[in-house]
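Chain and residue survey
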Amino acid sequence: MNSIMKSVYKITLLVCIAIFVSSCHNNLKPNYQYMPNMYEAVSYETYSQSSAFKNGKEGQLPVAGTLNRGSEVYEYPNTTAGYEAAKASLKSPLDSTTVETEKGKELFEIYCAICHGNAGNGKGKLVTQGKYLGVPSYADRVITDGSVFHVLKFGLNSMGSYANQMSAHERWLVSAYVLKLKSEL
């Protein structure tokens, strides 16, 4: 009797497993999904209108008066008037004890000397090879900390901006070094 009971249990178990496996799969009804939007994401076209934004606009504007992370406040515009105003009134926040002359020299030689020359005389390697013409000597210019900083931030004539390559502190160090070179010419 004991072996018959074991056989009945085995047969019953196999039938239950077969019923369970066949009942889970039904082609007529889709299975339920937990959080279906994870499996079937809503696609958005680039720059298209969306109900995800207020008033159906393409995007949202930043709150008035906010600044991008890492940006700096600079009140002089990239105009001739802004240059003149920076030249007249913008002063370096570095005092004479915090100016790192060696760091300023290093930055100058990396970014500026190729055109302006190591001495600031306008005879850099690109000028002597004839690649650029009309690079000024610092001795011929009326420059201040503010004017040099402004030109490093925005660029001037054929000189581009160095605001992406140097931080504001580094631009002030280069400005101090340029004035040091001017005094030596």
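So, here's what we can say about the structure. (Residues numbered from 1 in each chain as written. Predicted model: local features only at pLDDT ≥ 70, side-chain atom pairs only at ≥ 80, totals over all residues. Heavy atoms only, no water.)

1. Describing the overall build of the protein
Regarding its fold elements, the protein presents seven helices and zero strands. Overall, the protein shows an N-to-C arrangement of helices and strands of α-α-α-α-α-α-α. With 185 residues in all, the protein has 23% of them scored as buried. Restricting the contact set of the protein to residue pairs at least 6 apart, pairs at least 24 apart contribute 52%. Here the protein displays about 14,100 Å² of accessible surface, and carbon together with sulfur accounts for 57% of that area. (Helix = DSSP H or I, 4+ residues; strand = E, 2+ residues; numbered from the N terminus. Buried < 20%, exposed > 50% of the residue type's maximum accessible area, 1.4 Å probe, protein only. Contact = heavy atoms within 4.5 Å. Areas by Shrake-Rupley, 256 points an atom, 1.4 Å probe, with all protein chains shown as cover.)

2. Points about the side chain of H150
By the secondary structure assignment, H150 is in helix 6 (residues 145-154). In contact with H150, other than residues within four places in its own chain, are Y74, Y76, P77, N78, T79, G82, Y83, A86 and G155.

3. Considering the nonpolar core
Ranked by size, the top nonpolar core spans 13 residues in total, and within it F108, Y138, V174 and V178 carry the most contacts. Secondary structure elements with two or more residues in this core: helix 3 (101-111), helix 6 and helix 7 (168-184). Counting residues per element, this core draws most heavily on helix 7, which supplies four residues. Setting aside residues up to four positions removed in sequence, Y138 forms contacts with F108, H116, G120, I143, V178, L181, K182 and L185. One finds Y74, A86, L94 and F149 within the second-largest nonpolar core, a separate group that totals eight residues. (Core = buried A, V, L, I, M, F, W, Y, C linked by side-chain atoms within 4.5 Å.)

4. What about a nonpolar patch on the surface?
On the surface, a cluster of nonpolar side chains totalling about 420 Å² of accessible area is made up of L13, I17, F20 and V21. Locating L13 in the fold gives a position in helix 1 (residues 2-24). (Patch = residues over 30% accessible without salt bridge, like charges linked within 9 Å, V, L, I, M, F, W, Y side chains within 5 Å. Salt bridge = Lys/Arg side-chain N within 4 Å of Asp/Glu carboxyl O.)

5. Some points on the pattern of salt bridges
Applying the stated criterion across every chain yields a total of one salt bridge. The salt bridge involving E184 is made with K180; its shortest N-O contact spans 2.8 Å. Highlighted residues: E184 and K180, both in helix 7, separated by four residues, approximately one helical turn. Given a relative accessible area of 33%, K180 falls into the partly exposed group.

6. Re the packing of helix 2 (residues 80-89) against helix 6
Contact geometry of helix 2 with helix 6 gives a least axis separation of 6 Å together with a crossing angle of 140 degrees. As the angle between them shows, helix 2 and helix 6 are arranged oblique. Considering the relative orientation of helix 2 and helix 6, their crossing is right-handed. Contact with helix 2, carried on its side by G82, Y83, A86 and K87, involves G146, S147, H150 and V151 of helix 6 and no other residues of that element. Residue classes in the contact of helix 2 with helix 6 are distributed as three nonpolar, four polar and one charged. (Axes fitted to C-alpha atoms, helices over the stretch in contact; angles between N-to-C directions. Parallel < 35°, antiparallel > 145°, perpendicular 65-115°, else oblique. Left-handed = near helix turned anticlockwise from the far one by under 90°. Nonpolar A, V, L, I, M, F, W, Y, C, P; charged D, E, K, R; others polar.)

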